[in-house]
Amino acid sequence: MATSEVVHAHAAPQGFIRKYIFSLDHKVIGIQYFFLALTAVWVGMILSLFMRIHLIWPNADIPLIGHIQPETYLSLLTMHGTIMVFFVLTTAPQGGFGNYFLPIQIGAPDMAFPVLNMLSFWTTFIAFVIMLAAFFVTGGAPLHGWTGYPPLSAVQSTGPGEGLGADLWITSIAIFCAASLMGALNFITTTLDLRAKGMTLMRMPLTVWSWFITAILGLLAFGVLLSAGILLLMDRNLGTSFFLPVIVVNGQLMAHKGGSPLLWQHLFWFFGHPEVYIAILPGMGVASQVLSTFSRKPIFGYRAMVYAMLAIGFLGFMVWGHHMFMSGMSPYSAFAFSLLTMAIGVPSAIKTFNWLGTLHKARIRFYTPMLFAIGFVSLFVSGGLSGPFLAQPTLDIPLHDTYFVVGHFHLIMGVAAIFGIFAATYYWFPKMFGRMMNEGMGKAHFWLTFIGTYAIFMPMHYLGMAGHPRRYSQLTELAYLHPLIPVQRFMTYAAFVTIGAQLIFVFNLFWSMFKGQKAADNPWDATTLEWTTATPPPHDNFGGHTPVVTHGPYEYGVPGVARDFIMQNDPTPSTAH
């Protein structure tokens, strides 16, 4: 095993720009990623709020954007989905917390390639700016949905926003993919080459395993999407026909032939389903970490948890076709994808039962990070239970274009991952900023968010079973949807409350950064290496003293020791249990 006993690539920064802007310190870069994601999530939430308002008050004039036309609604939907998936669910768990804590948790002084790390953040930032620029060009933002299906996305004359706005959208995604590839290489190399002495693979915290596996998924998946985006730009601007068959747009025959729109679907979903696990695997790692810490018990079945994450990562590349049951694929292909989709439920169930095993007969400390970790498990189970329905082609075909799918992926991918981000924020905030977040505000934030998200997304399953189509901008034209309007109204009121609750979080975050109670080096009595160093950590993480790891990451409830835990670098012999 390689170790972190290397000459570090850069000295402590001196000037403001090198220290806080173009920093090579993985901790500063992690904080930059975190606040980029925090900005992006507010943009995404405001766009979703505009959509919700329009659904129940279709004639309302909304400040800044006026009356929402159907094409405007589709633009809001496209940008909401894109920003949340790429710049929140991918950026915060991996780029933010992964960048900050992976090196510290394995005993490394920094990431393997500090300059590449800095470039990956600023490339992501540029991608975000380009994405926002699509709102302000002629025609506005694209309306082809966050999946970018051609031919709608491949021909500039198919609708408002499909001109320069769509080019900016595709360019932003391509640049984001390049940034993610740089980050993935850094994570993989750091994990394999810079572990401290004694930090074997089976002594790594489950958070490190989750970031490592996520990086592998990103390395294999984002390259495919980058290639697809380049081909789509060529179809739009250079006259190629990768995704365009012979088509007629507005009565005019297009100069394309021989392309396949289904090729885009295959390329996109080969990325798109691993992306689900890119978003959720870091949350699984954080939930495991927090549940063990606040249960005061070792994680139940550590090795099984590791192998389950590896199995999820492997199988995640085998199931992309279940997004395409309506494309007319062969029943034999549909059967294969259906079977593999059901198979991926096995490692997911293993993780769930191991989390429950960790909680069983535990001495639980109900601090805010623990509440969000338990909430993560709840949402993961609730969202996951609707997955097997959509894995069956005979059920997916009538449910696919309904709110059932919207409810499913928001619970399993969106809100569960967000709860993982919240758990990580409350858990690691003391180490990052040297102060404690307010527990009272944290608990209020949890309960309002937990109840609110269930109130928003659980009724969507019932709407889907009632035949409510997704992507419709208003319900006034379809008589059979009129009885469902009260449900939409209830969901919208719940969205108001839930988004309002996030103001509590933002106030708590910034107030605690400056006025919060001073934090000890190890306020949670945790065992992993980040809690052995100063708060906040010094430039090289361990003050020039590389730790030597002698124990596993979850040595809690150990009999015969002065305290109920043993830290990973503690020289005291561990009692097997």
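Before reading on, note that the structure itself is shown above.
So, here is what we can say about the structure in this document. Here the residue numbers are simple positions, counted from 1 along each chain's written sequence. Only residues with pLDDT of at least 70 get local features here, since the model is predicted, and only at 80 or more are side-chain atom pairs given and counted; chain-wide, interface and lining totals rely on the full set of residues. To get the side-chain values, take all heavy atoms of the structure and skip hydrogens and water.

All right, on to the environment of Val-497 then. Runs of E in the DSSP output that reach at least two residues are strands. Runs of H or I that reach at least four are helices, and both are numbered from the N terminus. Structurally, the position occupied by Val-497 is in helix H16 (residues 485-515). Each residue is placed in one exposure class: buried if its accessible area under a 1.4 Å probe, protein chains only, is under 20% of its type's maximum, exposed if it is over 50%, and partly exposed if it falls in between. The class for Val-497 is partly exposed, based on a relative accessible area of 48%. In sequence terms Val-497 and Gly-452 are 45 residues apart; their C-alpha atoms lie 6.9 Å from each other.

Like-charged residues are merged into a patch within 9 Å and nonpolar side chains (Val, Leu, Ile, Met, Phe, Trp, Tyr) within 5 Å, provided each residue has over 30% relative accessible area and no salt bridge. Accessible areas in this description were obtained via Shrake-Rupley with a 1.4 Å probe; residue shielding takes into account the shown protein chains only. The salt bridge criterion pairs a side-chain nitrogen of Lys or Arg with a carboxyl oxygen of Asp or Glu, the two atoms within 4 Å. A contiguous nonpolar surface patch, about 440 Å² in accessible area, is contributed by Trp-57, Leu-448, Tyr-493, Phe-496 and Val-497. When residues of the nonpolar patch are assigned to their parent elements, the largest contribution, three residues, is made by H16. By relative accessible area, Trp-57 is classed as partly exposed at 36%.

One pass over the full model with this rule turns up nine salt bridges. In this structure, Lys-27 engages Asp-25 in a salt bridge whose closest nitrogen and oxygen atoms are separated by 3.0 Å. Here Asp-25 falls in the buried class, since its relative accessible area comes to 8%. A salt bridge links Glu-439 to Lys-443; the shortest N-O distance between them is 2.6 Å. In this pair, Glu-439 and Lys-443 are both assigned in helix H15 (residues 439-465), four residues apart and thus about one turn of the helix distant. Through salt bridges with shared partners, a single network forms among Arg-296, Arg-363 and Asp-564.

We now examine the side chain of Thr-527. Counting through the fold element by element, Thr-527 comes out in the segment after H16. On the basis of relative accessible area, Thr-527 is assigned to the buried category, the value being 0%.

Throughout this description, the term nonpolar core refers to a set of buried Ala, Val, Leu, Ile, Met, Phe, Trp, Tyr and Cys residues connected via side-chain atoms within 4.5 Å. Judged by nonpolar contacts, the single largest core of 175 residues is most densely connected at Phe-86, Phe-97, Leu-206, Trp-209, Trp-355, Phe-376 and Trp-428. Counting residues per element, this core draws most heavily on helix H14 (residues 403-433), which supplies 20 residues. Between two residues, a contact is recorded if the distance between any of their heavy atoms is within 4.5 Å. Filtering out sequence-adjacent residues up to four positions away, Phe-376 remains in contact with Ile-280, Gly-283, Met-284, Ala-287, Trp-355, Ala-416, Phe-419 and Gly-420.

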